[in-house]
Amino acid sequence: MFKLIIADKRYSSWSLRAWLVLEASGLPFEEEVIRLYKSDTAERIRTVSPSGKIPCLLEQIGDRRHSVWDSLAIAETIAEQQTDLWPGNRHDRATARAIVAEMHAGFLALRESCPFDLPRAPEPVDVDDTVKEDIARLCSRIAEGRGTGRHGEGLFGAFGIVDAYMTPIAARFRSYEIHVPPVVARYRDYLLDRPAFRTWEAAALIER
């Protein structure tokens with residue numbers, strides 16, 4: 001049994017990514033939320049995460065507790081047990097991994113200008129050229145994946161890790177009313193209409 005330690009559902013896009021991967025895997029897991037911005041937040045996180053950050057995946061192996069404290073490492077850990085979370089074709093798999101790695105390390109301008117905040121009422125914001133470049137690059141990645149004619153709603157067929165990583169981007173597109181091409185809008189709507197995301201969002205909306 002896995003236990004996933006996550007932060008506030010309204011704010012933590014990295015927690016959402018790890019949670020969606022686990023949901024898609026079908027593997028049983030428990031979740032525990034450590035609320036941010038509390039007097040004991042840092043102390044509670046340090047008890048479970050060597051990096052002092054969450055999400056963190058815990059697995060009890062005998063009398064030893066194993067921790068995985070990075071969202072991408074969590075995704076790879078789960079993919080080792082549920083291999084269809086990456087595309088079956090090795091070229092598609094390499095492309096999907098490249099997209100996820102870019103997402104993991106990049107698009108900082110978009111993240112800073114359009115923070116992840118699920119209960120935010122949709123409203124446009126002014127963004128600079130750097131943010132526009134991030135948006136254009138994301139739209140290009142999505143359009144390329146959706147234009148291949150693969151069977152399924154995800155970028156490479158069935159929902160997988162790359163789609164879990166794209167979901168917070170889809171939420172940002174909606175929250176900040178970012179104009180995107182029709183092919184990207186359809187993908188955005190697919191991600192945000194999935195039952196797993198709607199379950200997460202419903203919990204986020206009732207967080208204090």
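What you are looking at is a predicted structure, and each value in this text was computed from that prediction instead of being measured.

Enquirer: Explain helix H7 (residues 161-175) to me, please; I cannot follow it from the model alone.
Expert: In an α-helix, one full turn covers 3.6 residues, which means residues spaced three or four apart are oriented alike. The first and last C-alpha atoms of H7 sit 22 Å apart over 15 residues, in line with the 21 Å expected at 1.5 Å per residue. Thr-167 marks where H7 bends most, by close to 30°; the proline Pro-168 follows one to four residues later. Most of H7 is tucked away, with 14 of its 15 residues classed as buried. One or two residues past the end of H7 sits Glu-177, with phi positive at roughly 45°.

Enquirer: It is not clear to me how the sheet that holds strand E3 (residues 56-61) should be interpreted in this structure. Could you clarify?
Expert: Strands pair in a sheet through their backbones, by hydrogen bonds, and they do so in one of two ways: parallel or antiparallel. Overall, mixed pairing links the 4 strands, which are arranged E2-E1-E3-E4 in an open sheet. Edge positions in the sheet fall to strand E2 (29-33) and strand E4 (64-68), since each of these pairs with one other strand and no more. Within the sheet, the average angular offset between the axes of one strand and its neighbour, ignoring direction, is 25°. Taken together, the 5 bridges between E3 and E4 define a ladder with antiparallel strand orientation. Bridge pairing links Glu-59 to His-66 in E4. Where helix H3 (residues 71-79) meets the sheet, it contacts strand E1 (2-6), E3 and E4, and its direction lies at approximately 40° from that of E3.

Enquirer: Looking at this structure, I do not really get the nonpolar core. What am I missing?
Expert: One broad trend across soluble globular proteins is that nonpolar side chains are buried collectively. Core analysis: the largest hydrophobic core is formed by 58 residues, its most contacted members being Leu-4, Ile-161, Met-166 and Phe-173. Tallying contributions element by element places H7 first for this core, with 9 residues. Other than its neighbours up to four places away in sequence, Met-166 contacts Ile-99, Met-103, Leu-138, Arg-141, Ile-142, Leu-155, Tyr-187 and Leu-191. Listed in part, the 8 residues of the second largest apolar core include Ala-7, Ile-45, Ile-54 and Cys-56.

Enquirer: Can you walk me through the packing of aromatic side chains in this structure?
Expert: Overall, the coordinates contain 4 aromatic pairs when judged by the stated rule. Taking the ring centre of Trp-200 as reference, the NZ or CZ of Lys-9 above it sits at 5.0 Å. Geometry around Trp-14 places Arg-17 over its ring, the cationic atom sitting 4.3 Å from the centre.

Enquirer: For this particular structure, what's the right way to read the pattern of salt bridges?
Expert: For side chains bearing opposite charge, pairing can occur when the charged atoms are close. Tallied over the full model, the rule gives 11 salt bridges. Between Asp-8 and Arg-35 there is a salt bridge, with its nearest N and O atoms 2.7 Å apart. Of this pair, Asp-8 sits in the loop between E1 and helix H1 (13-25) while Arg-35 sits in the loop between E2 and helix H2 (41-46), placing them 27 residues apart in sequence. With a closest N to O distance of 2.5 Å, Arg-174 and Glu-201 form a salt bridge. You can see Arg-174 sitting in helix H7 and its partner Glu-201 sitting in helix H9 (residues 195-205), a full 27 residues away along the chain. In this structure Arg-174 comes out as partly exposed when scored by relative accessible area, which is 27%. Connected via shared salt-bridge partners are Glu-102, Asp-134, Arg-137 and Arg-141.

What counts, and where the lines are drawn
Residues numbered from 1 in each chain as written. Predicted model: local features only at pLDDT ≥ 70, side-chain atom pairs only at ≥ 80, totals over all residues. Heavy atoms only, no water. Helix = DSSP H or I, 4+ residues; strand = E, 2+ residues; numbered from the N terminus. Expected span 1.5 Å × (residues − 1). Bend = angle between axes of the 7 residues up to and from the residue. Buried < 20%, exposed > 50% of the residue type's maximum accessible area, 1.4 Å probe, protein only. Pairing = 2+ DSSP bridges. Axes fitted to C-alpha atoms, helices over the stretch in contact; angles between N-to-C directions. Contact = heavy atoms within 4.5 Å. Core = buried A, V, L, I, M, F, W, Y, C linked by side-chain atoms within 4.5 Å. Phe/Tyr/Trp six-rings, centres within 6.5 Å; stacked < 30°, edge-to-face > 60°. Lys NZ or Arg CZ within 6 Å of the ring centre and 35° of its normal. Salt bridge = Lys/Arg side-chain N within 4 Å of Asp/Glu carboxyl O.

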